[in-house]
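Notes for the structure review
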Amino acid sequence: MPVYQRLDPTLASRIVNLWQRHRLLPAQADPAQRLQHVVCVAFDPYGELAAVNSARPVRMDGRLMFEYRIFIRPRNGVPPLKLAMTRTARELLAQVPLQEPPEAFVLSFVNPRLDRPEVIQWLVDAGYRQWRTPRGRTAWIFEFDPAQRL
């Protein structure tokens, strides 16, 4: 469910609780600031928050990009959910009306289990290409088509 820039306080509290329960927030992280970057959420059949993704605008190589993160509770971590949430976030963010439109959507694998042939094949099929960040990390980048922006 897309929620970018329209989180209500109840859902925001549920997201922060999920992050804290799974120790996803570093000690210095500001939950309120992180909440501003939440793009989509998903719920399990029982109404429990199962997944949250976020993207923050960052400048890399002089270009504005969305740096993407996703967390799915381990018991909900089925590949179709990961793919659907990533696709939904990317499509939504490609249309966000910002003064300076971001040029790309970037994702890095923090979890090495995601660096599998089937995941890489999905990324290639979806139009991503492997890319090296300015810090030397391997990432996957999807370039937004400027002709398709609002």
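Quick caveat, the model's predicted, so the values are computed rather than measured. (Residues numbered from 1 in each chain as written. Predicted model: local features only at pLDDT ≥ 70, side-chain atom pairs only at ≥ 80, totals over all residues. Heavy atoms only, no water.)

Residue position: Arg90 is located in helix 3 (residues 79-93). Buried and unpaired, Arg90 has no salt bridge, with Glu91 as the nearest side chain of opposite charge at 4.1 Å. Apart from the residues within four sequence positions on either side, Arg90 is in contact with Phe105, Ala126, Tyr128, Phe142 and Phe144. (Helix = DSSP H or I, 4+ residues; strand = E, 2+ residues; numbered from the N terminus. Buried < 20%, exposed > 50% of the residue type's maximum accessible area, 1.4 Å probe, protein only. Lys, Arg positive; Asp, Glu negative; His and termini not counted. Salt bridge = Lys/Arg side-chain N within 4 Å of Asp/Glu carboxyl O. Contact = heavy atoms within 4.5 Å.)

Core analysis: the biggest nonpolar cluster contains 23 residues, and Leu93, Phe105 and Tyr128 have the highest contact counts within it. When residues of this core are traced back to their parent elements, those giving at least two are strand 1 (38-43), strand 2 (49-60), strand 3 (63-72), helix 3, strand 4 (104-107), helix 4 (117-125) and strand 6 (138-143). Setting aside its immediate chain neighbours within four residues, Phe105 contacts Phe66, Tyr68, Thr86, Ala89, Arg90, Leu93, Tyr128, Trp140, Ile141, Phe142 and Phe144. Counting 14 residues, the second-largest nonpolar core is a separate cluster that includes Ala12, Trp19, Val38 and Phe71. (Core = buried A, V, L, I, M, F, W, Y, C linked by side-chain atoms within 4.5 Å.)

Another point: the packing of aromatic side chains. A complete count under the given rule lists 5 aromatic pairs for this structure. A centroid spacing of 6.0 Å and a plane angle of 35° characterise the contact between Trp122 and Tyr128, whose relative ring orientation is tilted. Under the relative-accessibility criterion, Tyr128 is labelled buried at 4%. Put simply, the rings of Tyr68, Phe105, Trp122, Tyr128, Phe142 and Phe144 pair up and form one aromatic cluster. Directly above the ring of Phe142 sits Arg90, whose terminal nitrogen or CZ lies 4.1 Å from the centroid. (Phe/Tyr/Trp six-rings, centres within 6.5 Å; stacked < 30°, edge-to-face > 60°. Lys NZ or Arg CZ within 6 Å of the ring centre and 35° of its normal.)

Even without a glycine there, the phi angle at Arg23 is positive, about 55°. Its location among the elements puts Arg23 in the loop between helix 1 (9-21) and helix 2 (31-35).

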